[in-house]
Amino acid sequence: MELDSALEAPSREESSLSGELSPSALGQAFSKILHSLTRPEARRGNGKDVALKDLGDLIEATECDRLFEGSGARLRGMPETLGQVAKAVEKYAAPRKEEEGGGDGHSEVAEKAAKVGLLFLKLLGNVETAKNSLVGPAWQTGLHHLAGPVYIFAITHSLEQPWTTPRSREVAREVLTLLLQVTECSSVAGFLRGENEDEKGSLSVILGLLKPDLNKESWKNNPAIKHVFSWTLQQVTRPWLSQHLERVLPASLLISDDYQTENKILGVHCLHHIVLNVPAADLLQYNRAQVLYHAVFNHLYTPEHHLIQAVLLCLLDLFPILEKTLHWKGDGARPTTHCDEVLQLILTHMEPEHRLLLRRTYARNLPAFVKRLGILTVRHLKRLERVIIGYLEVYDGPEEEARLKILETLKLLMQHTWPRVSCRLVVLLKALLKLICDVARDPNLTPESVKSALLQEATDCLILLDHCSQGRVKGLLAKIPQSCEDRKVVNCIRKVQQVSEASEESLSASCCSRALSKA
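Residues numbered from 1 in each chain as written. Predicted model: local features only at pLDDT ≥ 70, side-chain atom pairs only at ≥ 80, totals over all residues. Heavy atoms only, no water.

**Section: the packing of helix H12 (residues 203-210) against helix H13 (residues 225-235)**
At a closest axis distance of 11 Å, the pairing of H12 and H13 adopts a crossing angle of 160 degrees. As judged from the angle between their axes, H12 and H13 are roughly antiparallel. Pair H12 / H13 crosses with left-handed handedness. Between H12 and H13, the contacting residues are Leu203, Leu207 and Leu210 on the first element and Ile225, Val228, Phe229 and Thr232 on the second. (Axes fitted to C-alpha atoms, helices over the stretch in contact; angles between N-to-C directions. Helix = DSSP H or I, 4+ residues; strand = E, 2+ residues; numbered from the N terminus. Parallel < 35°, antiparallel > 145°, perpendicular 65-115°, else oblique. Left-handed = near helix turned anticlockwise from the far one by under 90°. Contact = heavy atoms within 4.5 Å.)

**Things to note about the layout of surface pockets**
In this structure, the second largest pocket encloses a volume near 520 Å³. Lining the second largest pocket are 18 residues; nearest its centre among them are Leu143, His144, Thr183, Glu199 and Ser202. Those elements giving two or more residues to the lining of the second largest pocket turn out to be helix H9 (138-158), helix H11 (188-193) and H12. For the lining of the second largest pocket, the element with the most residues is H9, which contributes 5 residues. Looking at the lining of the second largest pocket residue by residue, the classes come out as 7 nonpolar, 7 polar and 4 charged. (1 Å grid on protein atoms, 1.4 Å probe; cavity = no way out; pocket = protein on both sides within 12 Å on 5 of 7 lines; lining within 4 Å. Points joined across faces, edges and corners; volume = space filled by probe spheres on them. Nonpolar A, V, L, I, M, F, W, Y, C, P; charged D, E, K, R; others polar.)

**Re the packing of aromatic side chains**
Geometrically, a pair of aromatic rings is defined through the distance of the ring centres and the angle of the planes. Tallied over the full model, the rule gives 5 aromatic pairs. Arranged with centres 5.3 Å apart and planes meeting at 65 degrees, the rings of Phe120 and Phe153 form a pair that is edge-to-face. Placement of Phe120 in helix H8 (residues 103-133) and of Phe153 in helix H9 is noted, with a sequence separation of 33 residues between them. Across the pair, Phe153 and Phe120 agree in class, each one buried. Over the face of the ring belonging to Trp240 we find Arg193, whose NZ or CZ atom lies 4.4 Å from the ring centre. The side chain of Arg359 reaches across the aromatic face of Tyr391, ending 3.9 Å from its centre. (Phe/Tyr/Trp six-rings, centres within 6.5 Å; stacked < 30°, edge-to-face > 60°. Buried < 20%, exposed > 50% of the residue type's maximum accessible area, 1.4 Å probe, protein only. Lys NZ or Arg CZ within 6 Å of the ring centre and 35° of its normal.)

**Examining H13**
Most of H13 sits out of view: 8 of its 11 residues are buried. Every buried residue of H13 is listed here: Ile225, Lys226, His227, Val228, Phe229, Ser230, Thr232 and Leu233.

**Things to note about the nonpolar core**
With 152 residues, the main nonpolar core has Tyr151, Phe229 and Val342 as its most contacted residues. Top element by residues in this core is helix H18 (residues 305-322). It accounts for 12 residues. (Core = buried A, V, L, I, M, F, W, Y, C linked by side-chain atoms within 4.5 Å.)

**Regarding the side chain of Asn277**
Structurally, Asn277 is set in helix H15 (residues 261-277). Within polar-contact distance, the side chain of Asn277 engages the backbone oxygen of His273 at 2.9 Å. Aside from chain neighbours lying at most four places away, what touches Asn277 is Thr237, Arg238 and Leu241. (Polar contact = N/O pair within 3.5 Å; in protein donor to acceptor, adjacent residues only side chain to side chain.)

**Some points on the confidence of the model for the chain**
Confidence along the chain averages 85 in pLDDT terms, with 85% of residues attaining 70 or more. The low-confidence segment residues 507-516, where pLDDT is below 50, has 0 contacts with residues more than four positions distant or belonging to other chains. (pLDDT = per-residue confidence, 0-100.)

**Observations regarding the state of the cysteines**
With the rule as written, the count across this model stands at 0 disulfides. Counting only cysteine sulfurs, Cys437 is the nearest neighbor of Cys492, a cysteine outside any disulfide, at a range of 9.2 Å. The class of Cys492 is buried, set by a relative accessible area of 5%. (Disulfide = S-S within 2.5 Å.)

**Considering unusual backbone geometry**
Note that the residue after Arg238, namely Pro239, is joined by a cis bond; omega there is 5 degrees. Relative to the assigned elements, Pro239 resides in the loop between H13 and helix H14 (245-256). If you check the backbone angles, Asn287 has positive phi at about 65 degrees while not being a glycine. Summarising the element assignment, Asn287 is placed in the loop between helix H16 (280-284) and helix H17 (288-297).

Here it is in structure tokens:
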């Protein structure tokens, strides 16, 4: 083997003794191992497996002090060589492109990861020992070159993914724990951003290592890269994330702009994290917020409920940033906003939608849009009315999530646009009464708690509708208790009448007290 010849300078008996390798031979041995791990032709044979075994033997046979200390050009480059070896070893254990591997390929990756993890544990153990014996920055220089590849390996194999097994995940988590211990960090977030204000952290180094694999041509060659990037990004919050915006935003946009729904969702989650943790001024600079908005908005045309949910949550947090540049001077109609544009598209999709999961997703987020727009929701009142009535008519399953959220939307709509509600009294009253009758006589296996919640929400809507119409609802409902035999329906009607009467008495008392005070 070529690797064997690399160790010929001292004999095998000498090389097996700790510390017997000369400095030049030690550097040459690591260089030969690095060459064996990085050459492409080694993939076809077992050359890399042999190189990995020889690397473990070499680390075990070399005193930890000699891995990091020394003088001379060759030893000054030893920490960098160790870093390159660690990077090559991390690549050796990385999962392959999806179509290149199957179930067997994944099991092979897990086996390699377990071996590499044990090797990294040895190497980090040597660093820990060197900390206590070396004076000066020698061990810190070595750790600086090792930390990035070791971290990427640990995250790649500690997350639950198809290429991991319980054993490989356990070893990877041990590696991550020891890395945090050696770097004296209390958490992964502290390791990435720096434990103290004057400490730089390792995020820049890790993003630099990930960058070659996060471009348009190569990011799918290693299926773990997107998960490592996403998980790492989620650990860094404001104010530390803004200084890395130029590096994390393009990668997040790249992942979201993919044909696979899984990658779209992952990318949108990354973009949402950026929106939440980067100052608005930085996002508005160079029109970044607009780029981000259009990238996310286009996903609304993909009818996949998990993706729609992620997109709507991201957009709701992005609207305040986008609207900072809008200024209404009061002389004319207010300009339409991005929130108007999104709500218009959502309502267009909601009307004909028949898939329950998508209906629930749209209904779940509708109240937030009404809150966001407030009185400006009147721009969408006609279409909202059709959507609300249509959704209240359709049974939504045992949990009735869609109908509950639509009732919440209706309540908010009446609170914000009450001057326009009275002209829609008859249509809304019929829809609410029909819902109450349907729920009261529901033969399905809907839990009683859900039925009670629906009836309570519908009753609250009737009370609000009565207030918006100056008490007309109470008059229209007056004869129902006499002719209706369903106890649940009658109870709802009586609640509306009682609350209306109490409101009138309160208003009357208030008027009397004001008249007396004037007298």
